[in-house]
Amino acid sequence: MKLTRLSLVLSAGLFMLITSSCDKGKSVTDGAEAKADRLVAQMTLDEKIGQMSQLDLGYFMDPEQLKQAVREGRCGSLLNFLGVEQVNEIQRIAVEESRLGIPLIIGRDVIHGYRTVFPIPLGMAASWNPEAVRKAFRISAVEASSDGIKWTFAPMIDITWDPRWGRIAEGCGEDPYLASTLAAAMVKGIQGDSLTDPTALAACAKHYVGYGFAEAGRDYNTTYIPEPLLRNVVLKPFHAAKEAGAQTFMSAFNDLNGIPTSGNRFTLKKILREEWGFDGFVVSDWASVTEMVNHGFAEDDKQAAEIAINAGVEMEMATTSYYANIKALLDEKKITMEQIDDAVRDILKVKYRLGLFDNPYTDPEAGKRILDPSFLDHARTVARQSAVLLKNEDAALPLSEDKIASVAVIGPLADAPRDQLGTWCFDGRAENSVTPLKAIRDLLGDKKVNYVQALAYSRDKSKANFSAAVAAARRSDAVLFFGGEEWILSGEGQSRGEINMPGAQTELLEALAATGKPVILVIMAGRPLAIGREIELSDAVLYAWHAGTMAGPAITDLLFGKESPSGKLPVTFVKGAGQIPFYYYRNNTGRPASDETWTPFDSIPTVNPQSSLGYRTFHLDYGYTPLLPFGYGLSYTTFKYSDLTLSSQVMKIDGTLTVRARVTNTGNMDADEIVQFYVRDRVGSITRPIKELKGYNRLRISRGETTDVEFTLTAADLAFFNGRGEVTEPGKFDVWIGPSSEEGLHADFILE
Ligand code: NOJ
């Protein structure tokens, strides 16, 4: 047995590994502040308002109007404006024909890839691989910058507990620690090693803040988040993004505890500026300034502009309330020139840091690397690492390409090149997608593949082609069913009330299972679906998300055992929408449930005293456990965890504690395992979660090998906000090292 030693200081450590090499925003020392100051002093009020206005191309009915606005310095930024020639021309007008020659900054949503599309961010989060995620965002920036884009509205780092919310696809899931490490990696990838590099984009941490807590998971809905939850969970990835040097933040659509986040001084001024020292600029979300009128927080657009400016929103996206009202608001002393100057200075600083004044143009040659084979290769790797194996009964997977005579490929997502790209994919093209059907045919040859789509799209309810699908299954050795959701069912404005498999997919699966052939279900979706029944019907289930351009080859690699699945769930899977919210770091409650205290719905006697069901926290129908826990994911091999040790039973509050374990690959295949480290604070001045992730590590472990893993805790890792301040409280703590949030080796220690 070979023993490899790995010493990593995780938790704070992993996070610092990612952030330490980042360009930290550079504050006052980079000269940008002084340059911006000098420029602000020369600007007219109209020019200042121009810098604070970001317009969409659609706003200008006539391209000549746009050129004139830029010439007159009435527009500082554009979004959705693409193409090297176009961008260079509009930039030339800004630089050469406007009075002060201030370059534009062109923004675009590049959320999970530009032309090379990576898995949706929720999928990438399932890889638990910050370095792979960093590289994916670097590739996205290289491609996007070649089209003249210098700023992307990413990373999207909204924590959510609600899979009904369509935008769960765009974020990193439910956990603040995992999301923070990935947020930092994304910022680092987007911004690169130096902001002045032509391939660097400014990152934009969004949506600040709380947007993922939309009531009922209905997009744009109201949010209520108590301050401890806000600080202990929701704000964490944003702070990480700021620490990693994110140059911009986006204020969100939602109202938070009664105050719209685009007019929220507490989050924008007190937390972001005063506590965190953010010194980039804040852009509104699309029309989120004027939507404060709809919120009933402003009487009209003018008051909305006043509220947003006073709260610290420095650039208005898409609407023109700043443009129309700043002068009057100044005259009426509702806002001050100092506020305007501060906003413009922040915007100009970012333009200076990006090197836009020195190098405003895009090199027409830069686009040559679009869809570079190395980019596609990385997209395949990330898609592979993002897929989560949920079930594998009797080692139904992997299939052997040599032994198998034929497979039936069935389902609406087997050959759906646009759907596999997922939501928020403005620039990826279906024609570049390699679908599972294509990849399987490439591997096995056309003759061995019996393809029947059966359902034209995921919501299709027609059973007209069921018999053809069943016939294909009967003449094959195994059934590969590619189901899930079309891309349009998740993303912005695409919330669902039920989160089941749409259309007649489940019935089709029933018909296929009835053939007695092994059924392998591959789910391609933008959210965690409630798939208890579908798991039962299948021999193996691989959750592949919307995995991007290279979904087909990546999934095929896994199905045929070129590599073992290794992703782990970044979000709890619920049994049905009625169980939402269900997240692993919930509090224990006064009445936690257990197997002993829960009676399955169908076993409840009809004549029964009221107290007989235990008076515990569960649903009569769902029970007290989720469908699948956070951190869960199987492999083709097996891993044994052993020898948990602590450096001491007592941790001093100014000291550290190291927790070690051994992980052995006891199966037959070399594979990655994502080792997870959880902590519980037994007693607190506010109730504390039953578990919190404090570290993780994706490790390659060859078969038969054992790896030592260690995680080091500091008091800062155990700190939390208790409503009055940040505290680390002495007392008893539990620790676990294991393969998911529900399994693992356990020990405890005392903090004093
Ligand atoms: C609205 C979305 O909420 C935001 O995420 C996006 O960046 C902007 N539109 C710009 O497209």
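Preceding this paragraph is the structure being described.
First things first, this report covers the structure right here in the doc.

## Structural notes on the overall build of the protein
Okay, so step 1: Along the protein, the regular secondary structure elements total 21 helices and 27 strands.
Okay, so step 2: Taking 2.2 N^0.38 as the reference for a compact globule, 752 residues should give roughly 27 Å; the C-alpha atoms of the protein span a radius of gyration of 27 Å, in line with that estimate.
Okay, so step 3: The principal-axis extent of the C-alpha atoms belonging to the protein is close to 75 × 65 × 60 Å.
Okay, so step 4: Counting contacts in the protein only where the partners sit at least 6 residues apart, residues at least 24 apart contribute 78% of the total.
Okay, so step 5: Accessible area of the protein: about 27000 Å², with a carbon and sulfur share of 49%.
Okay, so step 6: With 79 positive and 97 negative side-chain charges, the protein shows a spacing of 3 Å between the two charge centroids.

## A closer look at the sheet that holds strand β10 (residues 281-284)
Okay, so step 1: A sheet is described by the order of its strands in space; here 3 strands give the open sequence β6-β7-β10, paired in parallel fashion. Strand pairing shows two members of the sheet lacking a second neighbour, β6 (204-208) and β10, which therefore form its edges. For this sheet, the mean inter-axis angle between neighbouring strands, taken without regard to orientation, is 25°.
Okay, so step 2: As paired strands, β6 and strand β7 (residues 248-251) are joined by 3 bridges and run parallel to one another. In the strand pairing of β7, Ala205 is matched with Phe249.
Okay, so step 3: Contacting β6 and β7, helix α10 (residues 236-243) runs over the sheet at an angle of about 160° to β6.

## Quick look at the site of the ligand
Okay, so step 1: Near the ligand there are 13 residues, and of these Asp109, Arg167, Lys206, His207 and Asp285 occur at the shortest range.
Okay, so step 2: Residue Lys206 places a side-chain N or O atom 2.8 Å away from an oxygen atom belonging to the ligand.
Okay, so step 3: Between Asp285 and the ligand, the recorded distance is 2.5 Å, taken from a side-chain N or O atom to an oxygen atom.
Okay, so step 4: Its free accessible area being 290 Å², the ligand has 95% of it covered by the protein chains.

## Comments concerning the packing of aromatic side chains
Okay, so step 1: Counting across every chain of the model gives 27 aromatic pairs.
Okay, so step 2: Both rings, one in Trp161 and one in Tyr583, keep their centres 3.6 Å apart while their planes meet at 10°; by these two values the pair is stacked. Of the two residues, Trp161 sits in the loop between β5 (151-152) and α8 (176-191) while Tyr583 sits in the loop between α21 (551-559) and β18 (639-646), which places them 422 residues apart along the sequence.
Okay, so step 3: Since its relative accessible area comes to 15%, Trp161 is described here as buried.
Okay, so step 4: Considering the side-chain rings of Phe733 and Phe749, the 5.3 Å spacing of their centres and the 10° angle between planes classify their relative orientation as stacked. Note that Phe733 is positioned in strand β26 (residues 731-740) and Phe749 in strand β27 (residues 743-751), a separation of 16 residues in sequence.
Okay, so step 5: Under the relative-accessibility criterion, Phe749 is labelled buried at 1%.
Okay, so step 6: An aromatic cluster is present here, built from Trp128, Trp161, Tyr177, Phe213, Tyr583, Tyr584, Tyr585, Phe630, Tyr678 and Tyr696 joined pairwise through their rings.
Okay, so step 7: Note that Arg231 overlies the ring of Phe721, its terminal NZ or CZ placed 4.9 Å from the centroid.

## Overview of empty space enclosed by the protein
Okay, so step 1: The final tally for this structure, using the stated rule, is 2 cavities of 30 Å³ or more.
Okay, so step 2: The space that makes up the largest cavity amounts to roughly 40 Å³.
Okay, so step 3: Together, Trp161, Asp162, Pro163, Glu174, Val571, Thr572, Val574, Phe582 and Tyr583 line the largest cavity.
Okay, so step 4: For the lining of the largest cavity, the residue count by class is 6 nonpolar, 1 polar and 2 charged.
Okay, so step 5: The computed volume of the second largest cavity comes to approximately 30 Å³.

## Notes on the layout of surface pockets
Okay, so step 1: In this structure, the largest pocket spans a volume of roughly 1100 Å³.
Okay, so step 2: Those elements that place two or more of their residues in the lining of the largest pocket are α1 (12-19), α8, α9 (227-234), α10, β22 (692-701) and β24 (720-721).
Okay, so step 3: Here the lining of the largest pocket takes 5 residues from α9, the largest share from any one element.
Okay, so step 4: Approximately 450 Å³ is the volume attributed to the second largest pocket.
Okay, so step 5: Counted by class, the lining of the second largest pocket contains 9 nonpolar, 8 polar and 3 charged residues.
Okay, so step 6: Among the domains, domain 3 (589-625) and domain 4 (639-751) are the pair contributing at least three residues each to the lining of the second largest pocket.

## Some details on α9
Okay, so step 1: Burial of α9 is extensive: 6 of the 8 residues sit out of reach of the surface.
Okay, so step 2: The complete set of buried residues in α9 reads Leu229, Leu230, Arg231, Asn232, Val233 and Val234.
Okay, so step 3: Against the buried residues of α9 lie α8, α10, β8 (255-256), α11 (265-275) and β24.

Analysis parameters
- Residues numbered from 1 in each chain as written.
- Predicted model: local features only at pLDDT ≥ 70, side-chain atom pairs only at ≥ 80, totals over all residues.
- Heavy atoms only, no water.
- Helix = DSSP H or I, 4+ residues; strand = E, 2+ residues; numbered from the N terminus.
- Rg over C-alpha atoms; globule rule 2.2 N^0.38 Å.
- Contact = heavy atoms within 4.5 Å.
- Areas by Shrake-Rupley, 256 points an atom, 1.4 Å probe, with all protein chains shown as cover.
- Lys, Arg positive; Asp, Glu negative; His and termini not counted.
- Charge placed at Lys NZ, Arg CZ, Asp CG, Glu CD.
- Pairing = 2+ DSSP bridges.
- Axes fitted to C-alpha atoms, helices over the stretch in contact; angles between N-to-C directions.
- Near = heavy atom within 4 Å.
- Polar contact = N/O pair within 3.5 Å; in protein donor to acceptor, adjacent residues only side chain to side chain.
- Phe/Tyr/Trp six-rings, centres within 6.5 Å; stacked < 30°, edge-to-face > 60°.
- Buried < 20%, exposed > 50% of the residue type's maximum accessible area, 1.4 Å probe, protein only.
- Lys NZ or Arg CZ within 6 Å of the ring centre and 35° of its normal.
- 1 Å grid on protein atoms, 1.4 Å probe; cavity = no way out; pocket = protein on both sides within 12 Å on 5 of 7 lines; lining within 4 Å.
- Points joined across faces, edges and corners; volume = space filled by probe spheres on them.
- Nonpolar A, V, L, I, M, F, W, Y, C, P; charged D, E, K, R; others polar.
- Domains from an automatic or database assignment.

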